[in-house]
Amino acid sequence: MAHAPAGTQDEAVPGFPMARAAGCPFAPPPAMMKLHAEEPVSRVRLWDGSVHWLVTRYEDQRALYGDPRLSVDTTRPGFPYLNEAFRETAAKNPPSFLNMDDPDHARIRRMVTGAFAVKRIEAMRPAVQRMTDALIDQMLAGPKPVDLVEALTLPLPSLVICELLGVPYEDHDFFQANSKVGLRRDVTAEAVRAAFGEIYQYLSGQIDAKLADPADDMLSELAARVRAGDLTHHDATMLGVLLLGAGHETSANMLALGILAFLEHPDQLAVVRDTDDPKVLASAADEMLRYLTVVHNGQRRLALEDLEIGGRSIRAGEGVIMPGATGNWQADVFPDPERLDVRRDARRHMAFGFGIHQCLGQPLARLELQVVYHTVFRRIPTLRRATGLDRIPFKDDGIVYGVYELPVTW
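Residues numbered from 1 in each chain as written. Predicted model: local features only at pLDDT ≥ 70, side-chain atom pairs only at ≥ 80, totals over all residues. Heavy atoms only, no water.

If you tally the helices and strands in the protein, you get 16 helices and 10 strands. Its C-alpha atoms give the protein a radius of gyration of 21 Å, near enough to 22 Å, the size a compact globule of 410 residues would have. Based on the C-alpha atoms only, the size of the protein along its principal axes is roughly 60 × 55 × 35 Å. With 410 residues in all, the protein has 56% of them scored as buried. Counting contacts in the protein only where the partners sit at least 6 residues apart, residues at least 24 apart contribute 72% of the total. Surface exposure of the protein reaches about 16,800 Å², of which carbon and sulfur atoms provide 54%. Of note, the protein has its 44 positive side-chain charges centred 3 Å away from the centre of its 55 negative side-chain charges. (Helix = DSSP H or I, 4+ residues; strand = E, 2+ residues; numbered from the N terminus. Rg over C-alpha atoms; globule rule 2.2 N^0.38 Å. Buried < 20%, exposed > 50% of the residue type's maximum accessible area, 1.4 Å probe, protein only. Contact = heavy atoms within 4.5 Å. Areas by Shrake-Rupley, 256 points an atom, 1.4 Å probe, with all protein chains shown as cover. Lys, Arg positive; Asp, Glu negative; His and termini not counted. Charge placed at Lys NZ, Arg CZ, Asp CG, Glu CD.)

Turning our eyes to something else, we now look at the packing of helix α8 (residues 155-165) against helix α16 (residues 362-379). Contact geometry of α8 with α16 gives a least axis separation of 11 Å together with a crossing angle of 140°. Classified by the interaxial angle, the pair formed by α8 and α16 is oblique. At the point where α8 passes α16, the crossing takes the right-handed sense. Taken together, the residues of α16 that come into contact with α8 (itself represented by L156, P157, V160, I161 and L164) are L364, E368 and V372. (Axes fitted to C-alpha atoms, helices over the stretch in contact; angles between N-to-C directions. Parallel < 35°, antiparallel > 145°, perpendicular 65-115°, else oblique. Left-handed = near helix turned anticlockwise from the far one by under 90°.)

Secondary-structure assignment places S71 in strand β3 (residues 70-71). Residue S71 is classed as buried on the basis of its relative accessible area of 0%. Here the side chain of S71 touches D73 through a polar contact of 3.0 Å, landing on its backbone nitrogen. Side chain to side chain, S71 and D101 meet in a polar contact 2.5 Å long. Not counting chain neighbours up to four residues away, the residues in contact with S71 comprise R76, F79, D101, R300, R301, L302 and L304. (Polar contact = N/O pair within 3.5 Å; in protein donor to acceptor, adjacent residues only side chain to side chain.)

What follows is about the pattern of salt bridges. This structure, assessed with the given rule, holds 23 salt bridges. Across the salt bridge formed by E59 and R57, the nearest N and O atoms sit 3.6 Å from each other. On the basis of relative accessible area, E59 is assigned to the partly exposed category, the value being 38%. Residue R125 pairs with E122 through a salt bridge whose shortest N-O separation is 2.5 Å. You can call R125 partly exposed: its relative accessible area is 25%. The network of salt bridges with common partners includes R57, E59 and D60. (Salt bridge = Lys/Arg side-chain N within 4 Å of Asp/Glu carboxyl O.)

A few words now on the packing of aromatic side chains. Under the definition given, this model contains nine aromatic pairs. Ring centres of F262 and Y373 lie 5.2 Å apart, and the angle between their planes is 75°; on these two criteria the pair is classed as edge-to-face. Taken as a pair, F262 in helix α12 (residues 233-263) and Y373 in helix α16 lie far apart in primary sequence, 111 residues in all. By the burial criterion, F262 is buried, and Y373 matches it. (Phe/Tyr/Trp six-rings, centres within 6.5 Å; stacked < 30°, edge-to-face > 60°.)

On to the environment of E368, then. Take E368: it is sitting in helix α16. A residue is classified by how much of its surface remains accessible, and E368, at 0% relative accessible area, is buried. Sequence separation between E368 and A284 is 84 residues; the distance between their C-alpha atoms is 12 Å.

Next up on the list: the sheet that holds strand β5 (residues 299-303). The strands that make up a sheet pair up through hydrogen bonds in the backbone, lying either parallel or antiparallel. Across the sheet, which stays open at both edges, the five strands sit in the order β1-β2-β8-β5-β3 with mixed pairing between neighbours. A single partner strand is all that each edge strand has here, and the edge strands are β1 (41-45) and β3. In the sheet, β1 pairs with strand β2 (residues 51-55) via five bridges, with the strands oriented antiparallel. In the sheet register, V44 faces β2, and the bridge partner there is H52. Across the sheet, helix α2 (residues 58-65) is in contact with β1, β2, β3, β5 and β8 (319-322); its angle to β8 comes to roughly 125°. (Pairing = 2+ DSSP bridges.)

Written as C-alpha cells, this is what we have:
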C-alpha cells in the first residue's frame, strides 16, 4: 500500500485495502491495522481519484458517529462512494431511510423501531429455535459433506425476516439472488439497478396487497402508515427493501463466518456448546460481532461543516470513512483483541455502528447468533470443516465479509 504525494494514501483496491492476512481470515487487513497504529486519521485516495479521510481509532469513530456535522446523504456532491455503481444508483434514486439525515431519518425510524423492540424480538426466540432445528434436521438427514451456507446460515435469516415482514418464504430464493448482486463491490451499476428494481417492484406489490388485506406483520404496519398519510408508498416500499436485505445478508454472513471461527477455536466452541446460560450466549454473540466486524468497507459520511478529529482538520465537503474493524481490534479498548474470548465483555463494540444511525435490527441479529451458535454445536458436536481453510472462498469482494461456501461434515 504505497503512499501517494501530498500525504494521501493510494488504494490497492476500490475503497481501501481489503486483503486479509494469509492464514488469518478473521483479522482486519494488516495494512489497515498498520495505518491505525501509525496514522489513525489519514488521507486516502479512492477508486475515482477523490481524496477523503480515513478515521480508524475507536474514540474518534464514536465521536464522529454522533456528530450532526456529518451527513449520510449519498446524494450530496462529494460523498465518498464505494464504487461507480453506488454513485450512479445514488444519482438516479431518492435517498432511502438508511441514507437520510435528521429530521427525516428520525421521523421514519420512529415508525419502525417498535418492530425491533427487544421484547418483541425476544418473543420470536421459540420460533427461531424451531426454524434452526428444522434446518439442522434436514441437514443431518442428507448426504455428507454439506455446504453449511446453503443448508443453514443463508436460509435461516431469510425465514426469520420473511416471517417478521410478512413476505412469503417461498420467494426467498428471489431475494437472496438479487441481494447478492447489490452487495458485491465488483458489479456494474446496471446490474445493481436491475437487482434493486426487481426487489422494489415485488415489495411495492406486497404493500398493495397489505393495503387490501392487512395481517399481523411489519409490511402491514408500513401499509397502515401509508393509509394514514404518514408514509408515501415509495417510502414504505424502500423501508421494506432495506429491512429485507439487511435482515438476512449480514446475519447470514455472521452465522457462517462465526461458525468457522469457532471451529478454528475449539476452546471457545466448547464454552458455547456446553452452556445453557443466556448471559454467556449473549456475551459470545457480542464477542463474535466484535471479532469479525463483517461490514468491512467502513461507514461513510460527508462533512457538512469544518471540524477537527484526532488533531486533524476536516473541511466541509470532504468525506470520512470509518472501518469498524480497527476500532473493534483496538488494544486499549479490547485487551488482546486478536484473541477470541467469548467471556469477554464486548458490548461496547461498534459492529452495528453507533449513534442515531446504529443498526435498527441488532436485537434480531443477536437473537439469531445466540440460537444458531449454541444449537449447531450442541446438536452436531463433531462438526468439522470438510476442506482446508485455504480452500474456503472468502468474500473479500463483498460489502459484507463472509464465506461463499462452508463445506462441513461430522
